[in-house]
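Remarks on the overall topology
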Amino acid sequence: MTYAITQTCCNDATCVAVCPVNCIHPTPEERAFGSTEMLHIDPRACIDCGACADACPVDAIFPVDSLSPGQREYADINAAYYEGGEPAPEADGPNFHVWGEPVFERSLPSDFGPLRVAVVGTGPAGMYAAQDLLLHTAAEVTLIDRLPVAGGLVRYGVAPDHPATKKVGDTFSRFHSHPRVRMHLGIEVGRDVTAEEVAAHHDAVIYAVGASTDRRLGVPGEELPGCLSATAFVAWYNAHPEAVAQGVDLSAERVVVVGNGNVALDVARILVADPEALAATDIAAHALDALRASQVREVVVLGRRGPEDAAYTRSELLALKHVPGVELVVDDHDPRTAEAIDAAGAGDRAGVLQGLARVRTDAASPSDGGRRIVLRFHSEVVEIPGGGGGVRSVRVTDGGGTVDLSAGLLLRAIGYRGLPVPGLPFDEDSGTVPHEGGRVAGLPGSYVVGWIKRGPSGGIGANRTCAAETVGTLLADAVAGELPAPKADARAFRRLARQRNRRVVDARGLAAIDRAERDRGRRDGRPRVKLATVEELVATARSGRLLRLTR
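Residues numbered from 1 in each chain as written. Predicted model: local features only at pLDDT ≥ 70, side-chain atom pairs only at ≥ 80, totals over all residues. Heavy atoms only, no water.

Describing the overall build of the protein
Quick note on the threshold: Secondary structure elements follow DSSP: runs of H or I no shorter than four residues count as helices, runs of E no shorter than two count as strands, and numbering proceeds from the N terminus. Note on method: radius of gyration uses C-alpha positions; expected globular size equals 2.2 Å times residues raised to 0.38. Exposed residues in this analysis have more than 50% of their type's maximum accessible area, buried residues have under 20%, and partly exposed residues fall in between, with area computed by a 1.4 Å probe over protein chains only. Any two residues whose heavy atoms approach within 4.5 Å at even a single point are treated as in contact. Only the protein chains shown count as covering a residue, and every accessible area follows the Shrake-Rupley method with a 1.4 Å probe. His is not counted here, nor are the chain ends, while Lys and Arg score as positive and Asp and Glu score as negative. For charged residues, the charge sits on one atom: NZ in Lys, CZ in Arg, CG in Asp, CD in Glu.
In terms of regular secondary structure, the protein is built from 19 helices and 25 strands. Computed over its C-alpha atoms, the radius of gyration of the protein comes to 24 Å, within 12% of the 24 Å expected for a compact globule of 551 residues. For the protein, the C-alpha atoms occupy an extent of roughly 70 × 65 × 50 Å along the three principal directions. The buried share of the protein, reckoned over its 551 residues, is 52%. Here the contacts in the protein between residues at least 6 apart in sequence split such that 75% fall between residues at least 24 apart. As displayed, the protein has an accessible area near 24000 Å², and 50% of this comes from carbon and sulfur atoms. For the protein, the distance from the average site of its 59 positive side-chain charges to the average site of its 71 negative ones is 9 Å.

Set out below in structure tokens:
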């Protein structure tokens, strides 16, 4: 028996580190790492030890003989990665894959003292950086987030029907109460404190603020009610405290999603999924109520290019074929779509679409009552005609002309974009902070990690190697004596934070929020029921902390 890596692979390579026979590739040292959609286990080299499955933070690794029918294809995907391309076996060893020479990229002096580092942002990028510092140095870490709860995109970006992916949050949460961590949630740099004030209290500051806005279509009608960003929609169904609880109208039978990435597939799937299946997840209560009353029966996913160039991963597309009660079809209005699908190899993204029904999307909404997702390639939005105070239809290219698809909601999922951080330089073209190996250009002691560093690319696991580079740069600067000395200590920063914002949440408050949400979930048979407003989060943090103090 061998193991296989499946859909929820986060690419953080924890499994690579524990594999005793080097059978998981690409490794972080290999050129292909970061460019493949997932990691792969060589079935001929796997010795069935299960170490990778135990180490995987997102439960993506299973014995091949235990895979469900919908996951069986992943065994073939793992095996196909090695066909004709595996390294030569070692001459005097049992491994199919050669171990490289050990590399020690960091070398700290024996008398290297503890640093005090602030990490701004508690999503995956920030927490991988904090984890690296806490596990490999004696650093004291201050976690800062503008929201009164930690998690970032793990909490507010991962789709609720991907609970395994959310489990990486459990890995990060063990550091929230670490003895060398101080937490200040609900503090925004640039609003409550300045970048200069944070720097004055720490040896170094790592900004992991992500890419919190979205790209625009730039077409007439985009400002109409009913034309939303997928970012806002994801925030709405994930109970983000800045999302409007009753802000999405699902009364139309058709929704158009613009974009061909994983986020586009996520929102399409949530829109037509069985609400009772979603009721077993941590989806926002207001979103679940709206989806139960939803009239949406069809989601048309528009791609500007062909199926061979789609940005979604093959594993997410495979999963879309197995959503219960939902038909996945391809719009064949353009002959190039069928040509690309028919010519695709088994390992190509377009090849996943072979065997799917091919249809023509009518201008009118579907009326047969079934639920389906239509993938329409070689199609762009040119205008969003309005009527009745909102979106009435979406005008898209159709061969040499255009066609109006009736729709009551349009979601644009064409990419995220970073916003400037007050006090830091910013590149408007890329939406990132200029840096050198994570070191902010012209600002000693300041660093970036994640999407604000490299742009909105790569999933959760990509942040691990990104954080390793940034932390390595920070430590090299510290050894070289290039970090500015802090002017005040951690206690002074705590006093400053609470003077500027009386609603700061610390680690005990965060634990109280977690207990309250899990308690609410147990009553409803769900993993948790999220608190959906800043007021609820802060009040729960305070009440839980006071309760502990009175015991």
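There is more to say after this.
Section: the packing of aromatic side chains
So the rule is basically this: Classification of ring pairs uses Phe, Tyr and Trp, with its six-membered ring standing for Trp, and accepts pairs whose centres are within 6.5 Å; under 30 degrees between planes counts as stacked, over 60 as edge-to-face, and the remaining range as tilted.
If you walk through the whole model with that rule in mind, you get 5 aromatic pairs. When the ring of Tyr 128 is compared with that of Phe 172, the centres are 5.0 Å apart and the planes differ by 85 degrees; the resulting orientation is edge-to-face. Residue Tyr 128 is found in helix α4 (residues 124–136), and its partner Phe 172 is found in helix α7 (residues 168–173); the two are separated by 44 residues along the sequence. On the accessibility criterion, Tyr 128 (4% relative accessible area) is buried. Judged by its relative accessible area of 4%, Phe 172 is buried. Three or more aromatic residues joined by ring pairs make a cluster, and in this case those are Phe 233, Trp 236 and Tyr 237.

Considerations on the pattern of salt bridges
Oppositely charged side chains can form a pair if their charged atoms are brought close together. Just so we agree on the cut-off: Each reported salt bridge corresponds to a side-chain nitrogen of Lys or Arg within 4 Å of a carboxyl oxygen of Asp or Glu.
The full count for this structure, using the stated rule, is 37 salt bridges. Ionic pairing is found between Glu 37 and Arg 349, a salt bridge with its closest N-O pair at 2.9 Å. Here the residue Glu 37 occupies a position in the loop between β2 (24–25) and β3 (40–41), and Arg 349 occupies one in the loop between α14 (335–343) and β14 (358–359), the gap between them amounting to 312 residues. As a salt-bridge pair, Asp 282 and Lys 530 come within 3.8 Å of each other at their nearest N and O atoms. Residue Asp 282 is located in the loop between α11 (275–278) and α12 (285–292), and its partner Lys 530 is located in the loop between α18 (507–524) and α19 (534–550); the two are separated by 248 residues in the primary sequence. Beyond isolated ion pairs, a larger network of salt bridges with shared partners links Arg 155, Asp 514, Glu 517, Arg 518 and Arg 528.

Examining the sheet that holds strand β19 (residues 393–398)
Just so we agree on the cut-off: Here a strand pair is declared whenever DSSP counts at least two bridges between the two strands. Whenever a helix is involved, its axis is fitted only over the stretch in contact; in every case the axis is a line through C-alpha atoms, and angles between N-to-C directions fall within 0 to 180 degrees.
The 3 strands are arranged β16-β19-β20 in an open sheet whose pairing can be described as antiparallel. Each edge of the open sheet is held by one strand with a lone partner, namely β16 (381–383) and β20 (401–406). Direction aside, the axes of adjacent strands within the sheet are offset by 40 degrees on average.

Concerning empty space enclosed by the protein
Rules: For each structure, a 1 Å grid was placed over the protein atoms alone; sets of points admitting a 1.4 Å probe that cannot get out are labelled cavities, open sets with protein on both sides within 12 Å along at least five of seven lines are labelled pockets, and lining residues have an atom within 4 Å of a point. Grid points are joined across faces, edges and corners, and a volume is the space filled by probe spheres set on the points. Gly is put with the polar residues, along with every residue not named as nonpolar or charged; the nonpolar set is Ala, Val, Leu, Ile, Met, Phe, Trp, Tyr, Cys and Pro, and the charged set is Asp, Glu, Lys and Arg.
Taken as a whole and judged by the stated rule, the model has 2 cavities of 30 Å³ or more. Approximately 80 Å³ is the volume found for the largest cavity. Residues of the lining of the largest cavity, tallied by class, amount to 10 nonpolar, 2 polar and 1 charged. If you add up the space inside the second largest cavity, you get close to 60 Å³. Lining the second largest cavity we find Tyr 3, Cys 19, Pro 20, Val 21, Cys 23, Ile 24, Cys 46, Ile 47, Asp 48, Cys 49, Gly 50 and Cys 52. Split into classes, the residues belonging to the lining of the second largest cavity amount to 10 nonpolar, 1 polar and 1 charged.

So, helix α3 (residues 73–80)
Formally: By construction, the arc corresponds to the directions joining the helix axis to the C-beta atoms.
Buried residues of α3: Tyr 74, Ala 75, Ile 77 and Asn 78, and no others. Each buried residue of α3 sits inside an arc of 160 degrees when the element is viewed along its axis, so together they form one side. Along its buried surface, α3 packs onto β1 (3–5), β3 and α13 (314–320).

Let's talk about the pairing of strand β6 (residues 140–145)
Spelled out, the test is: For the handedness criterion, the strands are oriented away from the viewer, and a crossover whose path from the first strand over the helix to the second runs clockwise is classed as right-handed.
The buried count for β6 comes to 5 of 6 residues, which makes it a mostly enclosed element. The pairing of strand β5 (residues 116–120) with β6 spans 5 bridges and is parallel. The residue of β6 that forms the bridge with Val 117 is Val 141. Traced from β5 through α4 to β6, the parallel crossover comes out right-handed.

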